[in-house]
Amino acid sequence: DRTMKQLKVIDKSGKIIGKVNSDVMNNPDELRKILNKSEEHSKVKTQYEMILGQANSFASVAADIYHSQLTKKISEVKPEYIAPFVVNSTFDIELFLKTIHIQNKTNSYAQVSNEHSLKKLYFSLPCKLQKSLVESLNACLAAEGKEANAINLPSKFCEFYPNYI
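No experiment lies behind these values; they were computed from the predicted model shown. (Residues numbered from 1 in each chain as written. Predicted model: local features only at pLDDT ≥ 70, side-chain atom pairs only at ≥ 80, totals over all residues. Heavy atoms only, no water.)

## Some details on the packing of aromatic side chains
Link 1 in the chain: On inspection of all chains with the given rule, the structure shows three aromatic pairs.
Link 2 in the chain: Between Phe 58 and Phe 91, the ring centres sit 5.2 Å apart and the planes meet at 65°, which makes this aromatic pair edge-to-face. Of this pair, Phe 58 sits in helix α2 (residues 47-70) while Phe 91 is found in helix α3 (residues 82-103), placing the two residues 33 residues apart along the sequence.
Link 3 in the chain: Of the residues examined, Phe 58 reaches a relative accessible area of 23% and is grouped as partly exposed.
Link 4 in the chain: The exposure class assigned to Phe 91 is partly exposed, which follows from its relative accessible area of 38%.
Link 5 in the chain: With a centroid separation of 5.2 Å and an interplanar angle of 80°, the aromatic rings of Tyr 122 and Phe 123 are classed as edge-to-face. By the burial criterion, Tyr 122 is buried, and Phe 123 matches it. (Phe/Tyr/Trp six-rings, centres within 6.5 Å; stacked < 30°, edge-to-face > 60°. Helix = DSSP H or I, 4+ residues; strand = E, 2+ residues; numbered from the N terminus. Buried < 20%, exposed > 50% of the residue type's maximum accessible area, 1.4 Å probe, protein only.)

Quick look at the structure:
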């Protein structure tokens, strides 16, 4: 017999509102039923919403670090801010790519949850989505006056190898 772990269910204010067996975390419908017993806690976010929220949090921190520390003259940049910027940016991109998989039903969360390679997450998207991402990023870069073809390699890859994915 496996001993089931008990997880605390905490509301937004940090108040413990109950406990559940850890296996219920793999079943969002069951988790909703448990939490819906209390009207106060009837809104349960989907995996997509939770992951997107985390992606936005990492992006926000990365943007704060970038704008406050990394836009200075190179001689004024403190090296200790570079690693946190890179880590937060990378986590943001990873989680964002996972939400795209989930939203477009390319892969389920279970299929992408243990994948951390940005390259694999990106190239496992259909070429149509890859091109759309590249076009969106190029449009953002162009709007900021930066070179609009800064990341055209993935698009070129799909043009030459359309059946790869």
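## Considering the environment of Asn 88
Link 1 in the chain: Position of Asn 88 among the secondary structure elements: in helix α3.
Link 2 in the chain: For Asn 88, a relative accessible area of 13% translates into the label buried.
Link 3 in the chain: Every residue in contact with Asn 88, bar those within four places of it in the chain, is listed here: Phe 58, Val 61, Ala 62 and Ile 65. (Contact = heavy atoms within 4.5 Å.)

## Considering the confidence of the model for the chain
Link 1 in the chain: A residue-level look at the chain finds 69% of positions with pLDDT of 70 or above and a mean pLDDT of 77.
Link 2 in the chain: Summarising per-element confidence for the chain, the mean pLDDT is lowest in helix α7 (residues 153-160) (51) and highest in α3 (91).
Link 3 in the chain: For the stretch residues 161-165, pLDDT sits under 50, and the model shows eight contacts to residues farther than four places along the chain or on other chains. (pLDDT = per-residue confidence, 0-100.)

## Observations regarding helix α6 (residues 127-143)
Along an α-helix, a turn takes 3.6 residues, which lines up residues three or four apart on a common side.
Link 1 in the chain: With 17 residues, α6 should cover 24 Å at 1.5 Å per step; its first-to-last C-alpha distance of 24 Å lies within 8% of that length.
Link 2 in the chain: Along α6, the residues classified as buried are Cys 127, Gln 130, Val 134, Asn 138 and Leu 141. The arc enclosing the buried residues of α6, seen along the axis, measures out at 65°, which places them on a common side. For α6, the exposed residues lying more than 90 degrees away from the buried face are Lys 128, Glu 135 and Ala 143.
Link 3 in the chain: Backbone geometry just downstream of α6 places Gly 145 in the positive-phi region, at approximately 80°. (Expected span 1.5 Å × (residues − 1). Arc of directions from axis to C-beta.)

## Focus on the pattern of salt bridges
Side chains that differ in sign of charge can pair as their charged atoms come close.
Link 1 in the chain: For the structure on display, the rule yields one salt bridge.
Link 2 in the chain: Notably, a salt bridge pairs Glu 94 with Lys 98, separated by 2.9 Å at the nearest N-O pair. Here Lys 98 and Glu 94 lie together in helix α3, a separation of four residues that amounts to about one turn. Taken individually, Glu 94 and Lys 98 each receive the classification buried, so the pair is uniform in this respect. (Salt bridge = Lys/Arg side-chain N within 4 Å of Asp/Glu carboxyl O.)

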